Amino acid sequence: MIPPSFDYHAPRSLGEAVSLLASLGEEAKLLAGGHSLLPMMKLRFAQPAHLIDLGAIQDLRGIREESGTLVIGAMTTEAELLGSALVRSKVPLLAEGASQIADPQVRYKGTIGGDLSHGDPGNDHPALMLALDAQFVLTGPRGQRTAPANGFFLGLYSTQLAPDEILTQIRIPIPAAGTGWSYQKLKRKTGDFATAATAVLLRMKGTAVAQAAIALTNAAPTALRATAAERALAGKALDAASLAEAARLAMSICQPAADLRGDVAYKTAMCGEMTRRALQAARARAGT
Amino acid sequence: MAKLHNVAFKLNGKAVAAEVEPRELLIYTLRERLGATGAHIGCETSHCGACTVDCNGMSVKSCTVLTVQCAGADVLTVEGLERGGALHALQQAFHEEHGLQCGYCTPGMLMRAYRLLQENPSPSEAEIRYGMAGNLCRCTGYQNIVKAVQSAARKLAAKPAAA
Ligand SMILES: Cc1cc2nc3c(=O)[nH]c(=O)nc-3n(C[C@H](O)[C@H](O)[C@H](O)COP(=O)(O)OP(=O)(O)OC[C@H]3O[C@@H](n4cnc5c(N)ncnc54)[C@H](O)[C@@H]3O)c2cc1C
Ligand code: FES
Ligand code: FES
C-alpha cells in the first residue's frame, strides 16, 4: 500500500511553515509523525497534493516548566513524553496516558500535536487534555491565539484548527500537589485504540471529593468531559453509591459508534467501568 | 509525477543516496533500491513490526516512514548487526534460544530488541514484553523471543564491548 502522489516540503522554521501552508492552501497537509496521516493516505482517505513536514522545526520540540505550567512543543513525541522526568513528576496523568498509546515503534514517531490535531475520538490525548484543562497555542498567518482544550474538539476529524493554522504548543496547568490521577484504558490488544477509556484527576479534602475532572475517550464523536459526573461527586465520599452514580452519569453522555470493538451497549458499559476504576485508582493516589 | 528528491543518508554505516518520489516508503527504498532485503513487509499497515529498522536511535516501522523524512538520517537494518562475520549477541541468542521458527518476524524483532537493550541494558521480563509489543510473531508464542533477549542482555553485560 503506497500513498498517492504528493509534493514534499520540509521548512526549517515555523515562519516558513506558516507561509507555505498559507500559500499552498487546502491542497496541503501538515506532516508530523505521520502515524495517522500516512495510513489514511495509503487508504486514500486523505489525498493531499502537498505535505509540509514539521520534522525539521526545532522550535516545535521540547518540554519545559514555566511558572506553574508545563509547556510542550507540538512535535514532541510520545517517547519523549515518556522519557521526561518533568512530565512524570509534574503531570503523571500524561505519562500514564502516553504509555498506553499504540506500541513502542509508533510512540517514537507519533507526536502529541498530531494526536490532538487529528481529531480522532479514538486517540488518547484529547481526553487527557480535557481532564488536565490544557490550552493549545495555534499559530497562523494572522498570528497566534490560544484555545482551551474544552471546546477544541468539534467532531470526527474536526477541531478548532483553521486550515491555515498550526498547533504549536500545548500548555498544561500543573495539578496541585496531592492531586490523584489515573487513565484506565480497555483495549483488545497492545496498539489498539480504546474500546473505552477514562482520564481522572482527583483532589480530596479529608474523605470527601474536593474536585474531580473526568474525561472519556472513544465514547462519542469527540472526547467528552463528564461534567455531570464531576458535579455529582463534589463533597461526597468515594463509596459504592457515589461511584455508581458517577459511572451512570458518565454513561448517560456516551454515544459510541458500534464497530469490531463492541456494540453501543457494551462500549457504554465499559465506559462506566473505566470511569469507576479510574476514580478508584486516582483516589488511592490522592493526598487528603 | 511529483518532483523527485535525492535523499542521502547513512545505511549500516555507509553513505547511500536514492532518487525517490516523496510518496516512497522507506521499506521500498531499502529493499528495492539499496538491496537491503533484511527488513520484511508483513502487513504494510503499521501493525506487525516486521519492517522495523533503527533510524536515528529510534525503532521505526519503515512501512510508515517516507524515505524523504530520512534525509541525513542514520539507518541501521539487520544487515548491519553483525561485526566482521560474527553474529551480534542478539542474533546468536535468537539462534541458541530458538527465538524463531519461520523467521519472518525475526529481522524486526532483532532490530527492536537492539534498541530496547541500548535504552535498557537489563530489562525485566515485563519490560521486554512491553518493549517488544509492536512486533508480532505468528510462530513462537513469544516465550523463546523473551528468553533470547534476556540471554543477549546477560551476554552483553558480561562483555560490554560487543554492543
Ligand atoms: C498501529 C497504530 C496504533 C495506534 N494506537 C493509538 C492509540 O492507542 N492511541 C492514540 O492516541 N493514537 C494511536 N495511534 C495514532 C498515533 O498516536 C498517531 O501518531 C497520532 O494520532 C497522530 O500523530 P502524528 O504525529 O503521527 O501525526 P500525523 O499522522 O503526521 O498527522 C495527523 C493529522 O494531524 C495534522 N497535524 C499534525 N501535526 C499538526 C500540528 N502541529 N498542527 C496542525 N495539524 C497537525 C496532520 O495534518 C494530519 O491531518 C496509533 C497509530 C498506529 C499506526
Ligand atoms: S510491514 Fe510495517 S508494520 Fe507490518
Ligand atoms: S518466527 Fe515465524 S512469525 Fe515469528
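Since we're looking at a predicted model, the values are computed, not measured.

So, how was this worked out
Residues numbered from 1 in each chain as written. Chains lettered and ligands numbered in written order. Predicted model: local features only at pLDDT ≥ 70, side-chain atom pairs only at ≥ 80, totals over all residues. Heavy atoms only, no water. Contact = heavy atoms within 4.5 Å. Buried area = accessible area lost by both parts, 1.4 Å probe. Salt bridge = Lys/Arg side-chain N within 4 Å of Asp/Glu carboxyl O. Polar contact = N/O pair within 3.5 Å; in protein donor to acceptor, adjacent residues only side chain to side chain. Helix = DSSP H or I, 4+ residues; strand = E, 2+ residues; numbered from the N terminus. Nonpolar A, V, L, I, M, F, W, Y, C, P; charged D, E, K, R; others polar. Pairing = 2+ DSSP bridges. Axes fitted to C-alpha atoms, helices over the stretch in contact; angles between N-to-C directions. Near = heavy atom within 4 Å. Areas by Shrake-Rupley, 256 points an atom, 1.4 Å probe, with all protein chains shown as cover. Expected span 1.5 Å × (residues − 1). Buried < 20%, exposed > 50% of the residue type's maximum accessible area, 1.4 Å probe, protein only. Arc of directions from axis to C-beta. Domains from an automatic or database assignment.

K.L.:
Go over the interface of chain B and chain A, please, and point to the residues and values.
P.N.:
Tallying the contact residues gives 32 residues for chain B and 27 residues for chain A. Carbon and sulfur atoms make up 58% of the area that chain B and chain A hide from each other, which totals about 2500 Å². Summed over the three residues of chain B that lose the most area to chain A, namely B:Arg23, B:Gln69 and B:Tyr130, the buried surface amounts to 24% of that side. The residue A:Asp103 makes a salt bridge to B:Lys61 at a minimum N-O spacing of 2.5 Å. At the boundary of chain B and chain A, one finds 13 residue pairs in polar contact (both at pLDDT 80 or more). Secondary-structure elements contributing two or more residues to the side of chain B that touches chain A are β4 (58-61), α3 (106-119) and α4 (125-131) of chain B. Here the side of chain B that touches chain A takes four residues from β4(B), the largest share from any one element. Within the side of chain B that touches chain A, the residues separate by chemical class into twelve nonpolar, twelve polar and eight charged.

K.L.:
Pulling in residues and values, what's your account of the sheet that holds strand β5 (residues 74-76) of chain B?
P.N.:
Residues and elements named next belong to chain B. One open sheet accounts for five strands, arranged β2-β1-β5-β3-β4; its pairing is mixed. The two strands at the open ends of the sheet, each matched to only one other strand, are β2 (14-20) and β4. Going across the sheet, the axis of each strand differs from the next one's by a mean of 40°, ignoring polarity. Relative to the sheet, helix α1 (residues 26-33) contacts β1 (5-11), β2 and β3 (52-55), its axis offset from that of β2 by approximately 110°. Against the sheet, α3 makes contact with β3, β4 and β5, and its axis sits at roughly 35° relative to β3, the strand it touches most.

K.L.:
If you had to explain the site of ligand 1 to someone new, which residues and values would you point to?
P.N.:
Neighbouring ligand 1 are 31 residues, the closest being A:Leu30, A:Ser36, A:Thr111, A:Asp115 and A:Asp124. Looking at the residues close to ligand 1, they fall on chains A and B. In this structure, A:Lys29 approaches ligand 1 through a side-chain N or O atom, which is 3.2 Å from an oxygen atom. A distance of 3.3 Å separates an oxygen atom of ligand 1 from a polar backbone atom of A:Asp192. Protein contact buries 96% of the 970 Å² of open area that ligand 1 shows by itself. Of all the secondary-structure elements, those providing two or more residues to the shell around ligand 1 are β2 (28-31), α7 (112-117) and β10 (166-173) of chain A.

K.L.:
With reference to specific residues and values, describe helix α10 (residues 240-252) of chain A.
P.N.:
Residue and element names in this part refer to chain A. The end-to-end C-alpha distance of α10 is 18 Å, a good match for the 18 Å that 13 residues give at a rise of 1.5 Å each. Listed in full, the buried residues belonging to α10 are Ser242, Leu243, Ala246, Ala247, Leu249 and Ala250. With its buried residues spanning 165° around the axis, α10 presents them on a single face. More than 90 degrees from the buried face of α10, the exposed residues found are Ala240, Ala241 and Ser252.

K.L.:
Describe helix α1 (residues 14-24) of chain A, listing the residues and the values that go with them.
P.N.:
Residues and elements named next belong to chain A. Within α1, the full set of buried residues consists of Leu14, Ala17, Val18, Leu20 and Leu21. Projected down its long axis, α1 carries its buried residues within an arc of 165°, all on one side. Packed against the buried residues of α1 are β1 (7-9), β2, β3 (50-53), β6 (135-140) and β10. Following α1 by one or two positions, glycine 25 has its phi on the positive side, about 65°.

K.L.:
Mind laying out the domain arrangement of chain B, listing which residues take part and the relevant values?
P.N.:
All names here are of chain B. Per the domain assignment, the segments making up chain B are domain 1 (5-78) and domain 2 (89-157). Spacing between the C-alpha centres of domain 1 and domain 2 amounts to 21 Å. Taken together, the contact between domain 1 and domain 2 spans 19 residues of the former and 14 residues of the latter. Contact between domain 1 and domain 2 buries roughly 1200 Å² in total, counting both sides, with carbon and sulfur atoms accounting for 56%. In this assembly, domain 1 and domain 2 are joined by one salt bridge. When the shortest N-O distance is used, the salt bridge between aspartate 54 and arginine 115 registers 2.9 Å. Put simply, domain 1 and domain 2 have seven residue pairs in polar contact (both at pLDDT 80 or more) between them. Listing elements by their share of the side of domain 1 that touches domain 2, those giving two or more residues are β3 and β4. Residue classes in the side of domain 1 that touches domain 2 are distributed as eight nonpolar, nine polar and two charged.

K.L.:
So, the domain arrangement of chain A: which residues are in play, and what are the values?
P.N.:
Residue and element names in this part refer to chain A. For chain A, the domain assignment lists domain 1 (7-53), domain 2 (58-173) and domain 3 (180-285). The gap between the C-alpha centroids of domain 2 and domain 3 is 21 Å. Contact residues are listed per partner, giving 23 residues for domain 2 and 24 residues for domain 3. Three residues, Glu96, Gln100 and Pro121, lead the burial of domain 2 against domain 3; their summed loss comes to 27% of the area buried on that side. Here domain 2 and domain 3 share three salt bridges between them. Between arginine 285 and glutamate 96 there is a salt bridge; the shortest N-O distance is 2.8 Å. Inspection of the domain 2/domain 3 interface yields twelve residue pairs in polar contact (both at pLDDT 80 or more). Going through the elements one at a time, α5 (92-98), α8 (125-132) and β8 (153-155) are the ones with two or more residues in the side of domain 2 that touches domain 3.

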